[in-house]
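Spelled out from the first residue to the last, the chains are:
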Amino acid sequence: MAPGEMGRTLTLSATLFFMIGGYWLLRSLKDPVLTALCGVSVIPKAKMLSVFVVLGVVSIYNRLLDSDLEKHKLFYVFGTFYFCLFATISLALAHPTIGLANQTPDPWRVLGWISYCGIESFGSVMVSLFWSFANSNFSLEGAKASYGFMVATAQIGSIIGPTIVTTYASTWGVAKIYFVGALCMLLLQATMALYIHQYGPSPQDKPSTTENTDAPKKKKEKAGVLEGIHLFIQHHYVKGIFAISCLFMVEVTIVDYTMKVLARDYFADLHPCEASMSCWDPSASGTHGMSQDATAAFTTFMGLFGQATNTLSFLMSLLGTSAIIRYLGLRLTLLLFPSLCLVVIIFVRFYPTLYVVFTAMMMLKASSYALNNPTKEMLYQPTSPAVRYKAKSWIDIFGARGSKALGSVVTNAFSNSAESLVANGSLVGMAVASFLIWNARYMGHKFDEYMASGHIVGTSDEDDDSGNDGGESLQMAMKQNKRNDTSCAIIDNDEDDEDDDELGAAEEGQGYEDDADDDEEDLLERGNGTARITTV
C-alpha cells in the first residue's frame, strides 16, 4: 500500500473504530437499561417499535442524500444528533427520579424506549453512511488493499466497547459509561474532519455543478421500498437471498430474549431487592424491580457477551472462513449455518440454563458474522444492479428488522415465563431452521446454475425460473467490463484473504457493501459510491 493510501486508510479506520466501538458499548447497555427502567417483558415490543423508528430515520437519511449537502457533512449532522441524544440520555439516567436510581420498572418510562430505539437506529444508518462514503473515496484497487484493515479495526472496536462495559459497569455506573458512548460520536466526527482536511472530499461527494442550466431539468427518480419489494416478489432467487439473510434472525431473536429473561432472573436472585430499596413493590407477590447491583451485574454480563461474541467472530473470520469456503465450496458452506442453528435450538430446548443459552447465542452470532454474511453476499454475484441496490437495501434494512419483529411477536406471545418461552419458542426456531436448510440447498443449486450459464437475475421482466437465456444480462455485463473506476468491498474467491474481510452485518455495525469479485460485471453501477437505503 502506498504511503498516501496508508494515511487515508488509517484516518478512515479511526472513524470506523469509534463508530463501531461506540455502537457496541451502547449496545451492551441497551437491554439492561430498558430492563431496569421498563421491565424485561417490553423488549419484544421495543424491537417491533424500532422497525418504525428506523424507517423514519432512514427516510430523513435518504432525503439528505437527495439534497445538495456534501456527503461527508452527513457525518457531522448525524454525529451531532446522536451525541446530543446519547448525552441527554446519560444525564437522564443519572437523575434520581427518571433515571436508574428509581428502581421501580414501569412500561411507561419513556427514557428506556428512547434509549433502545436510538441505539438501534444508529446501528442501521451510520454504518451504511460510512461504507457509502468509503466507496466513493477509494478506487477498486485501493479498496482491495484497505478494506480488510478497516474491517479488522472495526472488529477491534467491537471488542473494546463491550470490554469497557464489563470492566467499569460496577465502578463507574451505567450513566457514565453511556456518556463514553456519546463521546464516541464526537470522536468519529473529529477523525472525519481530519480526513477531509488532509485529503479533501471526493469529487463524487460534491454536488454536481456541471449540468447544462439551459437544458430542461429532469425530475430525479427516487428509489422506493416498493421497487425492492417488486424485485423480491418477481424473482425466487431474491426470495432465497432474503431467507438466508434475514429469517435466521427469528431464531436469534427467540434465543436472545430467552438469554435476557434468564439473565434478569439470575441476577435479580443474586442481588435481591430489599424492602428498604426503591425497587421493592409491596403489592407484588414476590416480583420486584432490579436493584442497582443487579442492574450493574446484568450490564457486566451483556458486556461479557459482546466481548466473547466479537472475539470469536474475529478469530473465525481470521482463521476459518476463507478456508471453509475454499474447501467446501459455497454450496456446502451455505448448509453449515442453518444446520448449526438447528443443533443449537435443540440443545437449548433440552438444557435451558443461562450459560448454555449464553454459549448458544455466542455461537449463533459469531457464525452469522463469520459464515452466513460472506456466503449470502456471494449470492449477489449473478444479480443485476437493481437487485444489488434496491432489493438488497430493502432486505438488509427492513427485511432484517421485520424478521426481528417477527421473532419478537413469538417472544411476546410466550413472555409470561422462561419455561413457556423455551418450550414454544424452540419449536418455532426448529421449524425455521429446517426451512433454511431446504432453502440453502435450493440456493446452492441455483447459484451454480446461474454462474455456469451467465444468467443475471433481475435484468428482465421474466421470473428467474422462466428459462430466460440471459442475453440481455450478458450484454449489460459486457458493457460494464470496460469500467474500472468503481470501488466496493470485497468478495474474491481466488484471493487468499478477501473472504476474511466479511465480518458482520451492517445492522450489527460491522458489515459493508460487498459487490466485487473476479467477474467484472460485479462492478455494475458503482460509480457514484453512494448507497441509498430504500424507503417509502
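Residues numbered from 1 in each chain as written. Predicted model: local features only at pLDDT ≥ 70, side-chain atom pairs only at ≥ 80, totals over all residues. Heavy atoms only, no water.

## Side note on the overall build of the protein chain
To keep it simple, the criterion reads: In DSSP terms, a helix is any run of H or I states spanning at least four residues, a strand is any run of E spanning at least two, and both are numbered starting from the N terminus. For every residue, the accessible area obtained with a 1.4 Å probe (protein chains only) is divided by the maximum for its type, and the residue is called buried under 20%, exposed over 50%, and partly exposed between those limits. The contact rule is simple, with two residues in contact once any of their heavy atoms fall within 4.5 Å.
When you go through the protein chain residue by residue, the secondary structure sums to 13 helices and two strands. In the protein chain, which comprises 536 residues, the proportion classed as buried is 58%. Sequence-distant contacts in the protein chain: of pairs separated by 6 or more residues, those separated by 24 or more amount to 85%.

## Describing the UniProt feature "transmembrane region" (unreviewed entry) in the protein chain
Heads up, the condition is: UniProt positions are given in the numbering used here, feature names are shortened, and annotations may be inferred rather than shown by experiment.
UniProt marks residues 7–26, 46–62, 74–93, 113–133, 145–165, 177–196, 311–329 and 335–358 with the feature "transmembrane region" (unreviewed entry), using the numbering shown here. Along residues 46–62 one finds 100% helix and 0% strand; the C-alpha atoms at either end are 24 Å apart.

## Description of the packing of helix α3 (residues 73–93) against helix α6 (residues 174–199)
Two quantities define a packed helix pair, namely the angle between the axes and the distance from one axis to the other. Just so we agree on the cut-off: For helices, the fitted line uses only the C-alpha atoms of the stretch in contact; every axis is such a line through C-alpha atoms, and the angle between N-to-C directions lies from 0 to 180 degrees. In these notes the angle categories are as follows: under 35 degrees is roughly parallel, over 145 is roughly antiparallel, 65 to 115 is roughly perpendicular, and the rest is oblique. Crossing handedness is defined as follows: a turn of the near helix away from the far one that is anticlockwise and smaller than a right angle gives a left-handed crossing, while the clockwise case is right-handed. Asp, Glu, Lys and Arg are counted as charged, while Ala, Val, Leu, Ile, Met, Phe, Trp, Tyr, Cys and Pro are counted as nonpolar; the rest, among them Gly, fall into the polar class.
One can describe the packing of α3 onto α6 by two numbers: an axis separation of 8 Å at closest approach and a directional angle of 165°. One finds that α3 runs roughly antiparallel with respect to α6. In this structure, α3 crosses over α6, and the sense of that crossing is left-handed. Looking at the contact of α3 with α6 residue by residue, the class counts come to 20 nonpolar, four polar and no charged.

## A look at the pattern of salt bridges
Heads up, the condition is: The rule for a salt bridge is simple: a side-chain nitrogen of Lys or Arg has to be within 4 Å of a carboxyl oxygen of Asp or Glu.
Counted under the stated rule, the structure contains seven salt bridges. Across the pair K30 and E120 runs a salt bridge, and its minimum N-O distance is 2.7 Å. In this pair, K30 sits in helix α1 (residues 3–38) while E120 sits in helix α4 (residues 110–137), placing the two residues 90 residues apart along the sequence. Accessibility expressed as a relative area gives 4% for K30, which makes it buried. Put simply, D265 and R264 hold a salt bridge, and the shortest N to O gap is 3.9 Å.

## Details of the packing of aromatic side chains
To keep things clear, this is the line we draw: Pairing of aromatic rings covers Phe, Tyr and Trp, the last counted by its six-membered ring, and requires centre-to-centre distances within 6.5 Å; plane angles under 30 degrees mean stacked, over 60 mean edge-to-face, and any other angle means tilted. In our convention, an over-ring charge means Lys NZ or Arg CZ found within 6 Å of a ring centre and within 35 degrees of that ring's normal.
Enumeration over the complete set of coordinates arrives at 26 aromatic pairs. With a centroid separation of 5.4 Å and an interplanar angle of 75°, the aromatic rings of F17 and F18 are classed as edge-to-face. A residue is classified by how much of its surface remains accessible, and F18, at 21% relative accessible area, is partly exposed. One aromatic cluster in this structure is built from Y23, W24, F81, Y82, F86, F122 and Y178. Above the ring of W24, the side-chain terminus of R27 is found at 4.6 Å from the ring centroid. Stacked on the ring of Y116, the Lys or Arg K30 has its end atom at 4.9 Å from the ring centre.

## Quick look at the packing of helix α2 (residues 43–66) against α3
At a minimum axis distance of 11 Å, the contact between α2 and α3 shows a crossing angle of 150°. With respect to α3, the element α2 is oriented roughly antiparallel. For the pair α2 and α3, the sense of crossing is right-handed. Note on element contacts: α3 touches α2 through L74, V77, F78 and Y82, opposite V57, Y61, L64 and L65.

## Thoughts on the nonpolar core
Condition: Throughout this description, the term nonpolar core refers to a set of buried Ala, Val, Leu, Ile, Met, Phe, Trp, Tyr and Cys residues connected via side-chain atoms within 4.5 Å. In this entry, domain limits derive from an automatic or database-based domain assignment.
F86 and L93 are the most contacted members of the largest nonpolar core, which has 133 residues in total. Viewed by domain, this core spans two of them, domain 1 (1–200) and domain 2 (225–458), each represented by three or more residues.

## Side note on the side chain of S367
Keep this limit in mind: In protein, a polar contact requires one atom able to donate a hydrogen and another able to accept it; more generally it is a pair of N or O atoms within 3.5 Å, and residues adjacent in sequence count only if both atoms are side-chain atoms.
Note that S367 resides in helix α10 (residues 354–378). Assessed through its relative accessible area of 5%, S367 is described here as buried. From its side chain, S367 meets the backbone oxygen of M363 in a polar contact 2.7 Å long. Excluding its chain neighbours within four sequence positions, the residues that come into contact with S367 are M316, F337, L340 and N372.

## What to know about the confidence of the model for the protein chain
The cut-off we apply is this: pLDDT gives the predictor's per-residue confidence on a scale running from 0 to 100.
Overall, the predicted model of the protein chain reaches an average pLDDT of 77, with 75% of residues at or above 70. Predicted confidence in the protein chain is weakest over strand β1 (residues 489–490), with a mean pLDDT of 37, and strongest over α3, with 94. Residue range residues 208–213 is modelled with pLDDT below 50. Its contacts to residues more than four positions away, or to other chains, number zero contacts. Long-range and interchain partners of residues 461–507, a stretch whose pLDDT sits below 50, account for 151 contacts in this model, where long-range means more than four residues apart.

## A look at a nonpolar patch on the surface
Counted only if it meets this: Like charges within 9 Å and nonpolar side chains (Val, Leu, Ile, Met, Phe, Trp, Tyr) within 5 Å are joined into patches, using only residues over 30% in relative accessible area that form no salt bridge. Accessible surface area values rest on a Shrake-Rupley calculation with a 1.4 Å probe, where residue burial reflects the displayed protein chains alone.
Nonpolar side chains collect at one region of the surface, where Y327, L328, L332 and L336 lie side by side and expose about 420 Å² of accessible area between them. Note that L332 resides in helix α9 (residues 292–350).

## Here's the deal with α2
Heads up, the rule is: Under the convention used throughout, the expected extent of a helix is 1.5 Å for every residue step, that is, one less than its residue count.
In this model α2 runs 34 Å from its N-terminal to its C-terminal C-alpha over 24 residues, within 8% of the 34 Å that 1.5 Å per residue would give. Taken together, the buried positions of α2 are occupied by I43, P44, A46, K47, S50, V51, V54, V57, V58, Y61, N62 and L65.

## Focus: the environment of V255
Among the structural elements, V255 can be located in helix α8 (residues 236–270). For V255 and V422, which are 167 residues apart along the polypeptide, the C-alpha to C-alpha distance reads 8.3 Å. Every residue in contact with V255, bar those within four places of it in the chain, is listed here: I345, V357, M361 and L364.

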